[in-house]
Amino acid sequence: MKIGILTLHRANNYRAALQCYALQETLLSLGHDVKIIDYRQPDTEMSYKAFSWRKIKQASGSFRALVKAFLYIIYSLIQQMGYNYFRNKYLHCTSLVHSAKEIPQQFDIYMIGSDQLWSIQCMGGNMDPIFFGQFPHPQNSKIMGYAISSNIISLKSIGVEKLNTFLDAFDCISLRESVICEWISTHTNFTVRQDIDPTMLYDIKRWDKLAGNKRPMKKRYILMYFLLPEQKSDAKKFAQKNGLTLVEVGKVAFSPTQFLSYVKHADYILGGSFHIAVFSVLLQKKFSIIKKNNDFDIRSAHLLKSLGLESRFINIQSLTDVDINASVNFTTAMKNIEVLKQDSMDYLLSIV
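The rules behind each value
Residues numbered from 1 in each chain as written. Predicted model: local features only at pLDDT ≥ 70, side-chain atom pairs only at ≥ 80, totals over all residues. Heavy atoms only, no water. Pairing = 2+ DSSP bridges. Helix = DSSP H or I, 4+ residues; strand = E, 2+ residues; numbered from the N terminus. Contact = heavy atoms within 4.5 Å. Axes fitted to C-alpha atoms, helices over the stretch in contact; angles between N-to-C directions. Phe/Tyr/Trp six-rings, centres within 6.5 Å; stacked < 30°, edge-to-face > 60°. Buried < 20%, exposed > 50% of the residue type's maximum accessible area, 1.4 Å probe, protein only. Lys NZ or Arg CZ within 6 Å of the ring centre and 35° of its normal.

**Some words on the sheet that holds strand β10 (residues 268-271)**
Thinking step 1. Taken in spatial order, the 5 strands of this open sheet run β9-β8-β10-β11-β12, and their pairing is parallel. The outermost strands of the open sheet, each flanked by one partner alone, are β9 (245-248) and β12 (313-314).
Thinking step 2. Sheet topology note: the β10/strand β11 (residues 287-290) ladder contains 3 bridges and is parallel. Within the sheet, the bridge partner assigned to Ile269 lies in β11 and is Phe287.
Thinking step 3. Lying over the sheet, helix α10 (residues 256-264) contacts β8 (221-225), β9 and β10, oriented at roughly 135° with respect to β8.

**Describing unusual backbone geometry**
Thinking step 1. The amide bond that connects Gly113 to the next residue, Ser114, takes the cis arrangement and shows omega of -5°.
Thinking step 2. The topology assignment puts Ser114 in the loop between β4 (109-112) and β5 (142-145).
Thinking step 3. Unusually for a residue other than glycine, Phe226 sits at a positive phi of about 65°.
Thinking step 4. Here Phe226 is to be found in the loop between β8 and α9 (232-241).

**Things to note about the packing of aromatic side chains**
Thinking step 1. Overall, the coordinates contain 24 aromatic pairs when judged by the stated rule.
Thinking step 2. Arranged with centres 5.5 Å apart and planes meeting at 70°, the rings of Tyr21 and Tyr90 form a pair that is edge-to-face. Separated by 69 residues along the polypeptide, Tyr21 in helix α1 (residues 14-29) and Tyr90 in helix α4 (residues 63-90) bring together distant segments of the chain. Residue Tyr21 shares its accessibility class with Tyr90, and that shared class is buried.
Thinking step 3. Note on Phe259 and Phe279: the rings are 5.9 Å apart at their centroids and 85° apart in plane angle, and the pair reads as edge-to-face. Separated by 20 residues along the polypeptide, Phe259 in helix α10 and Phe279 in helix α11 (residues 274-282) bring together distant segments of the chain.
Thinking step 4. Three or more aromatic residues joined by ring pairs form one cluster here, namely Tyr14, Tyr21, Tyr83, Phe86, Tyr90, Tyr202, Trp207, Tyr225, Phe226, Phe259 and Phe279.
Thinking step 5. Between Arg176 and the ring centre of Phe274, over which it is positioned, the NZ or CZ distance is 3.8 Å.

Here it is in structure tokens:
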């Protein structure tokens, strides 16, 4: 079976690259011919563009701002190189695609997922019809969703009428969070199912191998990822209290494999996103996920509840009460992952 995956593989962030890789490898393990459709999503390309004359012009009125802008360009170029290396080495991509009419026509199944493909915040405040199956494809081919993520704000913004029209393109729809499943089922004419993120389908030993055994730095450290600016001072105090260096992963890891390495070798992890929670569990690292207290907490809350790790989801004020040496019950969490994994694998086996 020939399968083409449509996702945000071009975003230079860890979650996008690793979930894409995991879905590709999972489908390959089932014996299929799998390609990532190399769709250059306009907002994604603009967001992660290393050099921008607009940014230079905006900073030209201040020498300090100009230096800062050039340092950011250098950082972005190094990051771009790291992600391009990962994509070239690990992802099997088609030729470039810039629009719906250029979508390759050789696939039996078009797999849309996972990541936040239905979140307008990831698409410059809009929705991308391609991620809703709005593109030409062979008559006998199928469009399938796998663990697509969104949020209620985005779904309301898109609107029920448009959703009903677009979802009709799918032969089967699979979403990642239960609250999104419930909203879609309640407000549209479609029945949807819930599945785990592809990163949890992939073999844990292979994640560990990809992370490598070499420590990325000699000092013992607490890894910080995706906290709000006002939360970082509390994170710094927490690290100082425990005699550890605080490392912000976005400032030191310039590729998905470097990200995995920093996660694997951390003494503790403070995160604010779904995927840092996933990899903390998969690599069995002590961690706390810090609440943002907004609509974006849905993903982490659902994940940790499904794994029996609700206690790891805390407000920043509660960080002072966290015992860094306290054990985490990963045994129950891993058993729960295996149950969820089997259900999702059964779904993939049934549709292909």
